[in-house]
Amino acid sequence: MARDQDTIFALSSGRPPAAIAVVRLSGPHAGTALTGLIGRLPQARQAALARVRDPRSGELIDEALALWFPGPKSETGEDVAELQLHGGHAVIAATLAALGSIEGLRLAEPGEFTRRAFGNGQLDLTAVEGLADLIAAETEAQRRQAFQHLKGLLGGKAEEWRRRLIEVLALVEAQIDFSDEGDVPDDLVTPALTKVRALAAEIDAALAQGTRGERIREGFTVAIAGPPNAGKSTLLNRIARREAAIVSPHAGTTRDVIELHLDLDGYPVTLLDTAGIRETDDPVEQEGVRRARDRAAGADLVLWVTDVAAPVLPPDALGDSVWVLQNKADLVGRNVDIKGSGPQSFAISARDGLGMDTFLVALGGEAAGALGGESALITRARHRQALAETSIALARAASETREDILAEELRLATRSLGRLTGRVDVEDILDVIFRDFCIGK
Ligand SMILES: Nc1nc2c(ncn2[C@@H]2O[C@H](COP(=O)(O)OP(=O)(O)OP(=O)(O)O)[C@@H](O)[C@H]2O)c(=O)[nH]1
Ligand SMILES: [Mg+2]
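Residues numbered from 1 in each chain as written. Chains lettered and ligands numbered in written order. Predicted model: local features only at pLDDT ≥ 70, side-chain atom pairs only at ≥ 80, totals over all residues. Heavy atoms only, no water.

(A) Looking closely at the nonpolar core. Judged by nonpolar contacts, the single largest core of 33 residues is most densely connected at W161, L387, L394 and L410. The contacts of L387, once residues within four sequence positions are left out, are W161, I203, A206, L207, I378, L417 and L420. Judged by nonpolar contacts, the second largest core, of 31 residues, contains L264, F346, I348 and M356. (Core = buried A, V, L, I, M, F, W, Y, C linked by side-chain atoms within 4.5 Å. Buried < 20%, exposed > 50% of the residue type's maximum accessible area, 1.4 Å probe, protein only. Contact = heavy atoms within 4.5 Å.)

(B) Spotlight on the site of ligand 1. Not every one of the 23 residues close to ligand 1 is listed here, only the nearest: K232, T234, G252, T253 and D330. One nitrogen or oxygen atom from the main chain of G231 is found 2.9 Å from an oxygen atom belonging to ligand 1. For ligand 1, an oxygen atom lies 2.8 Å from a polar atom in the side chain of T254. Here ligand 1 has 660 Å² of accessible area as a free molecule, and 92% of this is covered by the chains. Of the pockets mapped on this structure, ligand 1 occupies the largest pocket. Its residues assigned to classes, the shell around ligand 1 shows seven nonpolar, 12 polar and four charged. (Near = heavy atom within 4 Å. Polar contact = N/O pair within 3.5 Å; in protein donor to acceptor, adjacent residues only side chain to side chain. Areas by Shrake-Rupley, 256 points an atom, 1.4 Å probe, with all protein chains shown as cover. 1 Å grid on protein atoms, 1.4 Å probe; cavity = no way out; pocket = protein on both sides within 12 Å on 5 of 7 lines; lining within 4 Å. Sits in = over half its atoms within 2 Å of the grid points. Nonpolar A, V, L, I, M, F, W, Y, C, P; charged D, E, K, R; others polar.)

(C) Representation of the sheet that holds strand β4 (residues 60-69) in the model. Reading across the sheet, the six strands line up as β3-β4-β5-β2-β1-β6 and stay open at both edges, with mixed pairing between neighbours. Here the strands that pair on one side only, and so sit at the sheet edges, are β3 (48-53) and β6 (105-107). In this sheet, neighbouring strand axes are inclined to one another by 30° on average, regardless of whether the strands run parallel or antiparallel. For strand β1 (residues 7-11) and β6, the ladder comprises three bridges, and the chain directions are parallel. Its bridge partner being in β6, T7 is matched across the sheet by L105. Relative to β3, helix α1 (residues 30-38) is tilted by about 80°, and along the sheet it contacts β1, β2 (18-26), β3, β4, β5 (80-87) and β6. In the packing of helix α2 (residues 89-100) onto the sheet, contacts are made with β1, β2, β4, β5 and β6, and the angle to β5 comes to roughly 150°. (Pairing = 2+ DSSP bridges. Helix = DSSP H or I, 4+ residues; strand = E, 2+ residues; numbered from the N terminus. Axes fitted to C-alpha atoms, helices over the stretch in contact; angles between N-to-C directions.)

(D) Here's a closer look at the coordination of the magnesium ion (ligand 2). Binding of the magnesium ion (ligand 2) to the protein goes through S233 (OG) and T254 (OG1), at separations of 2.0 to 2.1 Å. With a gap of 21 residues between them, S233 in helix α9 (residues 232-240) and T254 in the loop between α9 and β8 (258-264) connect regions that are remote in the sequence. Taking relative accessible area as the criterion, T254 reaches 10% and is therefore assigned buried. (Donors = N, O, S within 2.8 Å, 3.2 Å for Na, K, Ca; no water.)

(E) Just the layout of surface pockets, in detail. There is about 390 Å³ of room inside the largest pocket. Surrounding the largest pocket, 26 residues form its lining, N229, G231, T234, V247 and S248 being those nearest its centre. Here the element with the most residues in the lining of the largest pocket is α9; it accounts for three residues. Grouping the amino acids of the lining of the largest pocket by side-chain chemistry returns nine nonpolar, 12 polar and five charged. (Points joined across faces, edges and corners; volume = space filled by probe spheres on them.)

(F) Structural view of the pairing of β1. When you tally the buried positions in β1, you get four out of five residues, the bulk of the element. Sheet topology note: the β1/β2 ladder contains four bridges and is antiparallel. Counted as the bridge partner of L11 is V23 from β2.

(G) Up close: the side chain of D133. Within the secondary structure layout, D133 lies in helix α4 (residues 125-136). Excluding anything up to four places from it in sequence, D133 contacts A146, R217, T379 and R380.

(H) Looking closely at the environment of L99. Position of L99 among the secondary structure elements: in helix α2. By relative accessible area, L99 is classed as buried at 0%. Spatially, the C-alpha atoms of L99 and G36 are 8.9 Å apart, while their sequence positions differ by 63 residues. Every residue in contact with L99, bar those within four places of it in the chain, is listed here: F9, V23, L25, A33, L37 and L105.

(I) Representation of the pattern of salt bridges in the model. All chains considered together, the criterion is met by 32 salt bridges. Notably, a salt bridge pairs R164 with E160, separated by 2.7 Å at the nearest N-O pair. Highlighted residues: R164 and E160, both in helix α6 (residues 153-178), separated by four residues, approximately one helical turn. Through salt bridges with shared partners, a single network forms among D6, E78, R106, E112 and R116. (Salt bridge = Lys/Arg side-chain N within 4 Å of Asp/Glu carboxyl O.)

(J) Summary view of unusual backbone geometry. Of note, the bond from P16 into P17 is cis; its omega dihedral lies within 30 degrees of zero at -5°. Tracing the backbone through its elements, the reader meets P17 in the loop between β1 and β2. Across the junction of G71 and P72, the peptide omega takes the value 0°, indicating a cis bond. In this structure, K328 is a non-glycine residue whose phi angle is positive, near 65°. Counting through the fold element by element, K328 comes out in the loop between β11 (322-327) and β12 (345-347). Using a relative accessible area of 22% as the deciding quantity, one classes K328 as partly exposed.

(K) Focus on the packing of aromatic side chains. Under the defined criterion, the tally for this structure stands at three aromatic pairs. Taking the centre distance of 5.4 Å and the plane angle of 45° together, the rings of W323 and F346 count as tilted. Separated by 23 residues along the polypeptide, W323 in strand β11 and F346 in strand β12 bring together distant segments of the chain. Of the two residues examined, W323 and F346, each falls in the buried class. Here the aromatic rings of F346 and F359 are separated by 5.7 Å at their centres, their planes lie at 70°, and the arrangement is edge-to-face. Residue F346 is found in strand β12, and its partner F359 is found in helix α11 (residues 356-371); the two are separated by 13 residues along the sequence. (Phe/Tyr/Trp six-rings, centres within 6.5 Å; stacked < 30°, edge-to-face > 60°.)

Pasting the structure below:
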């Protein structure tokens, strides 16, 4: 029997001990296995209180809620059973051992339930990715985006584009193959090209949305950089509200890049503390400075922290997205000029908290500006690549006069969209031809 025909089971809830443990089963023997454990099959999709016994010994393991979801209307598309047990180590171990003793059942591999849901057409690839993102989501923005993708924001759009493309392809194929049959209108290519251009414009608009979706997944990256001893690590600790980085009066304290994931007004922000930038003979510190420059250059925003009493200007190489934080404002005892002519500038005291509220509101606004707004269709490089390939093929198709090459470009574009959702097949092209033109009667 092939492995994908096995009935699989696993603990689907988090680390025990916990109040409740959810054990799930999926596959053709899920029903008999559930019956083996609780003596009956509950009504479909209704929770039933049941005594769970080891089918080998008849020993009572626990009392649980049992659920039965006959396929194909289930999470995986197969027969699915679920037990909500008491979440102790021994209860879980005894239940898993009991299930493992049943012929045809085995422990699921990582992601195998979702793999089956995909294989049975319950989820497309973009929804699978959305599900993974939803489980990883740490902030509201990430949760919102992941849930929309799980529910088909991109997958639905891609399927709609693909369906329209297949219709266009059907027109062109019909023109090529059957134009001599007499019952096909003369010029099918001109309306086909009009549709290609409209489609290309929609896909290009999605590509032009930029990398917001990817940044919501990965976080808006903010690098803290500046000369040694300026208070960079102190700033990181204040924002984190804990001693994440070592602070000392000794210049050159921070060597490695320290990374912190923050939730700023619901937006994910990755904050990096870096080594103070200066010329040095110490090879370890040199490496730290190299890393600091590197990460600052790749960040969405650089916070250039400098001592207000001895300000150092940010190097030009850092680009435009630089804010200057004049730190240790507590020491100067007067208002510092916070409106420089150059980049956005704030006077703060990372140690005492002075000016931090204003600065953090601005930082939250910056993250919201970069990550907020209309939902992003593209959340991964994979999406971007598939859509870019589609767009290129459509652009070539739109200026093509040879019907056979036009058809080939459309096929390429269709395949790229199919790869995006993971549903690549050609049978449906034939289906559309036969449905719309009634050829082959
Ligand atoms: N008065 C005052 N002292 C501060 C402030 N921020 C940091 N310091 C002090 O400045 C010294 C250096 O602070 P750090 O946070 O280690 O500075 P850094 O920029 O991370 O230094 P390196 O890692 O060596 O590059 C410490 O003694 C801090 O207590 C501030 O706002 N006011
Ligand atoms: Mg430091």
